[in-house]
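# Commentary on secondary and tertiary structure
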Amino acid sequence: MTFVMTINSGSSSLKFKLYDMPEEKVLCSGNCERVGEKSGIFTFKYDGKKEVSYPVFPNHAVAAKLVVDTLLEKGIIKDYDEIRAIGHRVVQGGKYFSSSAFFDEDTEKKIESLIPLAVLHNPAHLVCFRAFKEVLPNCPAVATFDTAFHQSMEPEDYVFPIPFVLTEKYDIRRYGAHGTSHQYLAQEGLKYLEGVEHPKIISCHIGSGASITAIKDGKCVATSMGLTPLGGIMMGTRTGDMDPSVFNYVVSVTGKSAEEVYQMFNKKSGFLGVSGISNDQRDIIEAADNGNPRAILANKLFNRRILDYIGQYYVRLGGCDLIIFSAGIGENEPRTRRDVCKALESSLGVKINEEVNAKLRGKDMLISLPESKVKVAVIPTDEEIMIARDAYNMCIKGKQ
Ligand code: ADP
């Protein structure tokens, strides 16, 4: 057995998965929630069972120790040293990382320097990395960046038309996000494109956070999220792209500070803001079914923004062989897929099997009809396996 652990940390959470590599077998997974609060939640899944307990996690180091001790206690590992590598998900790698990197001092420093671009996430990743280093000092670690896959964009796709001195001095540009997911989807999508010479894929990672990426020959050429995950299409609570003057105008008419408006655009907008009901699309669909006009509008707005990007990327790629739907909404919500694909019928010749689509939830499957000019597939995303593969390849396979 070769154990590799993946870690996905947030400011108050720590999600983990333990794999046996290179077989890619998931041995257990779990989550430490409410780190730093008075009461925590610890979920541990293994052997088809799910256990929930409520320990207090004063900090990430305590959470990390509990995770590793639980693996020992359950007999999943016999010794700390059996964990041969850890892969950490890191949200922002800026201009420094176009692939995964060993989590050494230099990587730590660069992640630290990028904190202004990922104020909540990058500090949490560092805290978590240090926490595991304390518990498992001999275990090598790798950082896998959400932004790395998007580093192949050309300047026309990532430069914002602001005074260039700002672009140069502060590295203000499109970095994108969800890169690990889009890369996974690009690789998995190839099974539907046998014999296609230079595959062109548009991947729609649409969950609570949502982004769309144009991929040619396995490389990202354009992506919808911008400097931060606020850009691109409308999301659960984020606006996505708008006329930038909306920001200034909201500040001036409400008297709120720039920071308050920024928080509003990140946390109170999107599905939640338009519908006034919820950030969860399931609630919006239910309300729309009951005739709620703002819920109907929110859904239409969401679909329209997806279509805007598919149209844009169809042109950017010079065509498209495969459109992929993924993440919470893309994998589980047939109506969003149906409505988006219907709207693509007259322009792109997209035709899906509506019966197959209507029943499909969380499974990897082609939903387009053979006569469709563009194939359409649902592919459940798996960012963790990409992280585990990189950690295994760099720390174990590469050293053999
Ligand atoms: P996150 O960006 O937090 O990872 P998810 O990918 O889990 O988000 O997506 C959450 C969104 O997916 C919500 O809007 C939710 O309504 C929608 N959704 C629809 N069906 C499901 C489902 N069966 N499970 C989870 N989310 C679902």
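With that out of the way, let us pick up the site of the ligand. Every residue near the ligand is listed here: G207, S208, G209, D280, Q281, R282, A327, G328, I329 and N332. Residue D280 places a side-chain N or O atom 2.3 Å away from an oxygen atom belonging to the ligand. Note that an oxygen atom of the ligand is positioned 3.2 Å from one of the backbone N or O atoms of I329. Coverage of the ligand by the protein chains reaches 62% of its 560 Å² of free accessible surface.

One finds I202, I206, I310, I323, F325 and V350 to be the most contacted residues of the largest nonpolar core, which totals 41 residues. With nine residues, the top contributor of residues to this core is helix α11 (residues 293-317). If we skip the residues at most four places from it in the chain, F325 touches C204, I206, G330, R337, V340, C341, V376, A377, V378 and I379. Core analysis: the next-biggest nonpolar cluster, separate from the first, contains 40 residues, F3, I86, V135 and A141 among them.

All right, on to the sheet that holds strand β7 (residues 101-102) then. Strand order in this open sheet of eight strands is β5-β4-β3-β2-β1-β6-β8-β7, and the pairing throughout is mixed. Edge positions in the sheet fall to β5 (49-53) and β7, since each has one partner strand and no second. Across eight bridges, strand β1 (residues 3-10) lies against strand β2 (residues 13-20) in antiparallel orientation. Residue pairing in the sheet places G10 in a bridge with S13 of β2.

Time to look at α11. Given a rise of 1.5 Å per residue, 25 residues ought to cover 36 Å, and the 36 Å separating the end C-alpha atoms of α11 matches this to within 8%. Within the sequence span of α11, burial applies to A295, A298, N299, F302, N303, I306, L307, Y309, I310, Y313 and L317. The N-cap of α11, judged by a side-chain oxygen 3.0 Å from the amide nitrogen of R294 a few residues on, is N292. Following α11 by one or two positions, G318 adopts a phi angle in the positive range, close to 70°.

To continue, consider the sheet that holds strand β13 (residues 365-366). Two strands in a sheet stick together by hydrogen bonds in their backbones, pointing the same way (parallel) or opposite ways (antiparallel). Read across the sheet, six strands follow the order β11-β10-β9-β12-β14-β13 without closing on themselves; strand pairing throughout is mixed. Here the strands that pair on one side only, and so sit at the sheet edges, are β11 (219-223) and β13. Pairing of strand β10 (residues 210-216) with β11, which is carried by four bridges, proceeds in the antiparallel orientation. Opposite I215, over in β11, you have C220 as the bridge partner.

With that settled, consider the packing of aromatic side chains. Counted by the stated rule, this structure contains eleven aromatic pairs. Pairing F42 with F57 gives two aromatic rings, centres 6.4 Å apart and planes at 80°, and the pair type is edge-to-face. Taken as a pair, F42 in strand β4 (residues 41-46) and F57 in the loop between β5 and α1 (60-73) lie far apart in primary sequence, 15 residues in all. With a centroid separation of 5.5 Å and an interplanar angle of 65°, the aromatic rings of Y309 and Y313 are classed as edge-to-face. Of this pair, Y309 and Y313 both sit in helix α11, four residues apart, which is roughly one turn of the helix. We note that Y309, like Y313, is buried. Here the aromatic cluster, defined as three or more aromatic residues joined through ring pairs, consists of F16, F42, F44, Y46 and F57. Cation over ring: R173 sits above Y158, and NZ or CZ is 3.6 Å from the ring centre.

Rules and cut-offs
Residues numbered from 1 in each chain as written. Predicted model: local features only at pLDDT ≥ 70, side-chain atom pairs only at ≥ 80, totals over all residues. Heavy atoms only, no water. Near = heavy atom within 4 Å. Polar contact = N/O pair within 3.5 Å; in protein donor to acceptor, adjacent residues only side chain to side chain. Areas by Shrake-Rupley, 256 points an atom, 1.4 Å probe, with all protein chains shown as cover. Core = buried A, V, L, I, M, F, W, Y, C linked by side-chain atoms within 4.5 Å. Buried < 20%, exposed > 50% of the residue type's maximum accessible area, 1.4 Å probe, protein only. Helix = DSSP H or I, 4+ residues; strand = E, 2+ residues; numbered from the N terminus. Contact = heavy atoms within 4.5 Å. Pairing = 2+ DSSP bridges. Expected span 1.5 Å × (residues − 1). Phe/Tyr/Trp six-rings, centres within 6.5 Å; stacked < 30°, edge-to-face > 60°. Lys NZ or Arg CZ within 6 Å of the ring centre and 35° of its normal.

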